[in-house]
Amino acid sequence: MFLFLVVALAVVVAAVTLAVVGGGDSGPLPDAAPERLVDPLPAERPVNRADVERLRFPLTVRGYRMADVDDALGRLGAELAERDARIAELESALAGARAAAHRVAMQQPDEEGRS
């Protein structure tokens, strides 16, 4: 039995040695280009809902590429902050316009009553 195991081990070592040494003349395989985010968020216009729904991150060994996710989240965060500021500005302008309209409406009956 011991002789059989030694012969089997010698055959396996010889097969692995032949596979490594005689593996071909092409040399090592070229490095694969890292998978990158193909369809990033558009830089030339604001991001819309369809852009976010189409956004897909390439998978890596541990999940997603952190740089791609960080870039997308940073861009979305900046655009949300910009939109929130614009909404606050418009709401403030609307409140001012409503207050002015209310003052004008309150003054008109007084002016009509004086005439």
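The structure under discussion appears in the preceding block.
Residues numbered from 1 in each chain as written. Predicted model: local features only at pLDDT ≥ 70, side-chain atom pairs only at ≥ 80, totals over all residues. Heavy atoms only, no water.

Caption draft 1: Layout of the overall build of the chain. Across its full length, the chain carries three helices and two strands. Starting at the N terminus, the α and β elements of the chain follow one another as α-α-β-β-α. Each of the 115 residues in the chain was classed as buried or not, and the buried ones make up 9%. Nonlocal contacts in the chain, meaning residues at least 24 apart in sequence, comprise 48% of its contacts between residues at least 6 apart. Approximately 10100 Å² of the chain is accessible, and the part contributed by carbon and sulfur atoms is 64%. (Helix = DSSP H or I, 4+ residues; strand = E, 2+ residues; numbered from the N terminus. Buried < 20%, exposed > 50% of the residue type's maximum accessible area, 1.4 Å probe, protein only. Contact = heavy atoms within 4.5 Å. Areas by Shrake-Rupley, 256 points an atom, 1.4 Å probe, with all protein chains shown as cover.)

Caption draft 2: Examining the side chain of Asp 51 more closely. Looking at the secondary structure, you find Asp 51 in helix H2 (residues 49–54). A polar side-chain atom of Asp 51 sits 2.7 Å from a polar atom in the side chain of Arg 54. In contact with Asp 51, other than residues within four places in its own chain, are Leu 41, Pro 42, Arg 45 and Pro 46. (Polar contact = N/O pair within 3.5 Å; in protein donor to acceptor, adjacent residues only side chain to side chain.)

Caption draft 3: Geometry of the pattern of salt bridges. For the coordinates displayed, the defined rule picks out seven salt bridges. Measuring nitrogen to oxygen at the nearest pair gives 2.8 Å for the salt bridge that ties Arg 49 to Glu 53. Residue Arg 49 and its partner Glu 53 are located together in helix H2, separated by four residues, close to a single helical turn. Between Arg 75 and Glu 79 there is a salt bridge, with its nearest N and O atoms 2.7 Å apart. One end of the pair is Arg 75 and the other is Glu 79, both in helix H3 (residues 66–114) and four residues apart, which spans about a single turn. Arg 75 sits in the partly exposed class, given a relative accessible area of 23%. Using a relative accessible area of 12% as the deciding quantity, one classes Glu 79 as buried. When salt bridges with common partners are traced through the structure, they connect Arg 45, Asp 51 and Arg 54 into a single cluster. (Salt bridge = Lys/Arg side-chain N within 4 Å of Asp/Glu carboxyl O.)

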